[in-house]
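In case you want the letters, here they are:
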Amino acid sequence: MSSLFPTYARWDIAVEEAHGTTVIDRNGKEYLDFVSGIAVCNLGHCHPKVVGAVQEQLNKVWHVSNLFHIPLQEEVAQLLVENSSGDYVFFCNSGAEANEAAIKLARKYTGKKKILSFKQSFHGRTMATLSATGQEKVQLGFAPLLEGFEYLPYNDAASAMEAINEDVAAVMIEVIQGEGGVNPGEQEFIEAVAKSCNEHNVLLIIDEIQTGIGRTGKPFAYQHYSISPDIVTVAKGLGNGFPVGALIGKEKLKEAFGPGSHGSTFGGNPLAMAAAKATLTEIFNEQFLQDVEEKGIYLMNQLKEKLSKSNIVENVRGKGLMIGIACKEEVANQVTQLRQEGLLVLNAGPNVIRLLPALIISKEEIDQAVSLLEKELVK
Ligand SMILES: *Cc1c(COP(=O)(O)O)cnc(C)c1O
């Protein structure tokens with residue numbers, strides 16, 4: 001008997017330990033992890049540098065409140081702005097909170113209420129972020145939603161051009177829709193949205209909560225496009241498993257987030273900052289990111305080759321180490337079967353198998369995963 005609300009359809013695994021790309025359950029069974037806590041443990045489980053940084057911080061100070069200066073916040077913020085189009089950072093504890101902050105900041109800065117987002121998007125579970133999410137299943141039963149949100153078709157530049165005008169505060173978008181099915185935004189589409197935002201003084205908010213922190217081979221996935229977002233939100237991979245989120249914003253937004261305008265008790269907590277600093281120091285490194293890009297290309301090519309004879313695979317898509325295998329049928333059974341075979345993968349919507357290995361995955365482990373996928377999908 002469980003005393004937990006049944007909000008999750010849980011897998012039949014209780015994890016005892018996890019190191020690198022290996023997860024070990026309570027029965028001692030080992031799994032190759034292509035989930036990484038949903039794009040969270042990007043450096044693998046219990047990465048020694050992150051463990052060391054948190055252990056050191058545990059014996060110094062855990063929590064002090066944002067009434068105090070927190071030097072580690074300055075250091076992590078510096079790493080984030082050096083590697084993005086932003087100038088200032090606000091820290092919080094999760095992805096939904098980062099997007100919540102982005103929505104608040106956009107409304108306060110522009111004095112407008114309308115936020116455009118996209119069908120099949122996912123931006124979080126708080127009232128504001130589920131209102132921004134273009135999926136009915138996330139909103140079901142929670143009406144009334146927040147006012148002012150409209151959903152446009154993804155990868156449809158013409159309808160975005162039509163909707164973006166002076167009445168709009170911001171456009172919120174993922175450059176690869178994660179939960180919505182690993183749908184990459186087309187170059188022309190994303191760049192047209194950014195251009196239109198710029199022309200109409202509309203803020204461009206890129207939700208990098210799943211795609212950010214090196215996942216696609218760049219610090220942030222928007223950097224594959226010629227765009228310069230006003231706001232970038234991150235969370236998942238930022239602390240390699242330690243809960244932490246952040247909003248990165250441009251200089252012009254500074255006044256709108258003045259003293260007392262927004263806040264969080266735990267946001268930027270020293271333990272979270274120690275984890276984030278260690279994580280970013282490893283990932284925001286040219287050689288590391290180049291390896292991610294190369295391994296991503298290798299994984300993609302292997303999948304395309306080995307799954308080409310599958311009757312159920314429609315296409316393989318994504319960028320870097322964020323890959324979706326879109327199928328003609330529901331994939332729940334295959335995901336379960338692969339788990340029994342020792343490979344942890346996710347679905348993204350009913351028909352897409354989603355692969356999110358740790359960025360430290362080896363070529364041998366990629367081969368191992370591809371061979372299990374081939375066995376399951378080519379019959
Ligand atoms: C996971 C996710 C969120 C929500 O993050 P939480 O930490 O679960 O609140 C928001 N946007 C995207 C794109 C995500 O993948």
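Up top you'll find the structure we're talking about.
What you see is a predicted model, and the numbers here were worked out from it, not measured in a lab.

A.B. asks: Give a detailed account of the sheet that holds strand β3 (residues 30-33), specifying residues and quantitative values.
C.D. replies: Hydrogen bonding along the main chain pairs the strands of a sheet, whether they run parallel or antiparallel. In spatial order, the strands read β1-β2-β3-β15; together these 4 strands make up an open sheet with mixed pairing. Looking along the sheet, the strands with just one partner apiece sit at the ends: β1 (15-19) and β15 (343-344). Across 2 bridges, β3 lies against β15 in parallel orientation. What sits directly across from Leu32, in β15, is Leu343.

A.B. asks: Please give an account of the pattern of salt bridges that cites residues and values.
C.D. replies: In the structure shown here, the tally under the stated rule is 10 salt bridges. Residues Lys195 and Glu199 are paired through a salt bridge, measuring 3.4 Å at the closest nitrogen-oxygen approach. Of this pair, Lys195 and Glu199 both sit in helix α8 (residues 187-199), separated by 4 residues, roughly a single helical turn.

A.B. asks: I'd love a proper account of the side chain of Gln139, names of residues and values included.
C.D. replies: Mapped onto the elements, Gln139 comes out in helix α6 (residues 136-139). Judged by relative accessible area, which is 12%, Gln139 ranks as buried. Beyond its immediate sequence surroundings of up to four residues, Gln139 is in contact with Leu130, Ser131, Thr133, Leu145 and Tyr151.

A.B. asks: Tell me about unusual backbone geometry, and name the residues and values.
C.D. replies: At the junction of Ala143 and Pro144, the peptide bond is cis and its omega measures out at 0° in the coordinates. Positioned with a positive phi, Ala39 is a non-glycine residue whose angle comes to about 60°. Here Ala39 is to be found in helix α1 (residues 36-39). Look at Val182: it is not a glycine, yet its phi comes out positive at around 50°. Relative to the helices and strands, Val182 resides in the loop between β8 (176-177) and β9 (183-184).

A.B. asks: Account for helix α4 (residues 95-110), with residues named and values stated.
C.D. replies: Taking 1.5 Å per residue, 16 residues should reach 22 Å; α4 reaches 22 Å between its end C-alpha atoms and fits that length. Among the residues making up α4, those that are buried are Gly95, Ala96, Ala98, Asn99, Ala101, Ala102, Ile103, Leu105, Ala106 and Thr110. Sitting at the amino-terminal end of α4 is Ser94, which places a side-chain oxygen 3.3 Å from the backbone nitrogen of Glu97. Just past α4, the residue Gly111 takes up positive phi, approximately 70°.

A.B. asks: Requested: an account of a nonpolar patch on the surface, with residues and values cited.
C.D. replies: A contiguous nonpolar surface patch, about 320 Å² in accessible area, is contributed by Met127, Phe142, Leu145 and Leu146. Within the secondary structure, Met127 is located in helix α5 (residues 127-132).

A.B. asks: Explain the side chain of Thr129 to me, using residue names and the numbers behind them.
C.D. replies: With respect to the secondary-structure elements, Thr129 resides in helix α5. Among the residues examined, Thr129 registers a relative accessible area of 0% and is labelled buried. Within the structure, the side chain of Thr129 is placed 3.2 Å from the backbone nitrogen of Arg125, a separation counted as a polar contact. Not counting chain neighbours up to four residues away, the residues in contact with Thr129 comprise Ala96, Asn99, Glu100, Ile103, His123 and Gly124.

A.B. asks: I'd like a rundown of the nonpolar core, residues and numbers included.
C.D. replies: If you look at the biggest cluster of nonpolar residues, it comprises 83 residues, and the most contacted ones within it are Leu80, Leu303, Ile325 and Leu355. Per-element accounting of this core gives the leading share, 9 residues, to helix α9 (residues 270-283). Summarising the domain contributions, this core has at least three residues from each of domain 1 (49-283) and domain 2 (286-360). Not counting the four nearest positions on each side in its chain, Leu303 is found in contact with Ser308, Val316, Ile323, Ile325, Leu355, Val370 and Leu373.

A.B. asks: Describe α8, and please don't skip the residues or the numbers.
C.D. replies: Between its first and last C-alpha, α8 extends 18 Å over 13 residues, near the 18 Å set by a 1.5 Å rise per residue. Looking at α8, one finds that the buried residues are Phe189, Ile190, Ala192, Val193, Ala194, Ser196 and Cys197. In this fold, the buried residues of α8 make contact with β5 (114-118), α7 (157-163), β7 (168-173) and β10 (203-207). Backbone geometry just after α8 places Asn201 at a positive phi near 55°.

A.B. asks: Run through the layout of surface pockets, naming residues and quoting values.
C.D. replies: In this approach, a probe sized like a water molecule rolls over the atoms, and the result shows the empty space that is left. Estimates place the volume of the second largest pocket at around 940 Å³. Along the walls of the second largest pocket sit 32 residues, with Gln73, Val89, Phe90, Phe91 and Phe257 positioned nearest its centre. Of all elements in the fold, only α3 (71-82), β4 (88-92) and β12 (245-249) reach the threshold of two or more residues within the lining of the second largest pocket. Sort the elements by how many residues they give to the lining of the second largest pocket and α3 lands first, with 6 residues. Looking at side-chain class alone, the lining of the second largest pocket contains 15 nonpolar, 12 polar and 5 charged residues.

Thresholds, definitions, all that
- Counting starts from 1 at the beginning of each chain's written sequence and moves along it residue by residue.
- This being a predicted model, a pLDDT of at least 70 is required before a residue's local features are given, and a value of 80 or more before pairs of side-chain atoms are given or counted; all residues contribute to the totals for chains, interfaces and linings.
- Water and hydrogen atoms play no part in the side-chain values, which are based on all heavy atoms of the structure.
- Only when DSSP finds a minimum of two bridges between them are two strands counted as paired.
- Only DSSP runs of H or I covering at least 4 residues are called helices, and only runs of E covering at least 2 are called strands; the numbering of each starts at the N terminus.
- Each salt bridge in this description consists of a side-chain nitrogen of Lys or Arg and a carboxyl oxygen of Asp or Glu lying within 4 Å of one another.
- Whether a residue is buried, partly exposed or exposed follows from its accessible area with a 1.4 Å probe, protein chains only, as a fraction of its type maximum: under 20%, in between, or over 50%, in that order.
- Only heavy atoms matter for contacts: two residues are in contact if any of them lie within 4.5 Å across the pair.
- Here the expected span of a helix is defined as 1.5 Å times the quantity of residues minus one.
- Polar contact is the term for a pair of N or O atoms within 3.5 Å; when the atoms are in protein, one must be able to donate a hydrogen and the other to accept it, and sequence-neighboring residues count only if both atoms are side-chain atoms.
- Without a salt bridge and with relative accessible area above 30%, a residue can belong to a patch; like charges are then joined within 9 Å and nonpolar side chains (Val, Leu, Ile, Met, Phe, Trp, Tyr) within 5 Å.
- All accessible areas in this document rest on Shrake-Rupley with a 1.4 Å probe, and a residue is counted as covered only by the protein chains that are shown.
- Note on terminology: a nonpolar core comprises buried Ala, Val, Leu, Ile, Met, Phe, Trp, Tyr and Cys residues joined through side-chain atoms within 4.5 Å.
- Throughout, the edges of the domains are those of an automatic or database domain assignment.
- Here the term cavity refers to a set of points on a 1 Å grid, laid over the protein atoms alone, in which a 1.4 Å probe fits but cannot get out; the term pocket refers to an open set having protein on both sides within 12 Å along at least five of seven lines, with lining residues being those that place an atom within 4 Å of a point.
- Grid points are joined across faces, edges and corners, and a volume is the space filled by probe spheres set on the points.
- Residue polarity is assigned by list, with Asp, Glu, Lys and Arg as charged and Ala, Val, Leu, Ile, Met, Phe, Trp, Tyr, Cys and Pro as nonpolar; anything else, Gly included, falls into the polar class.

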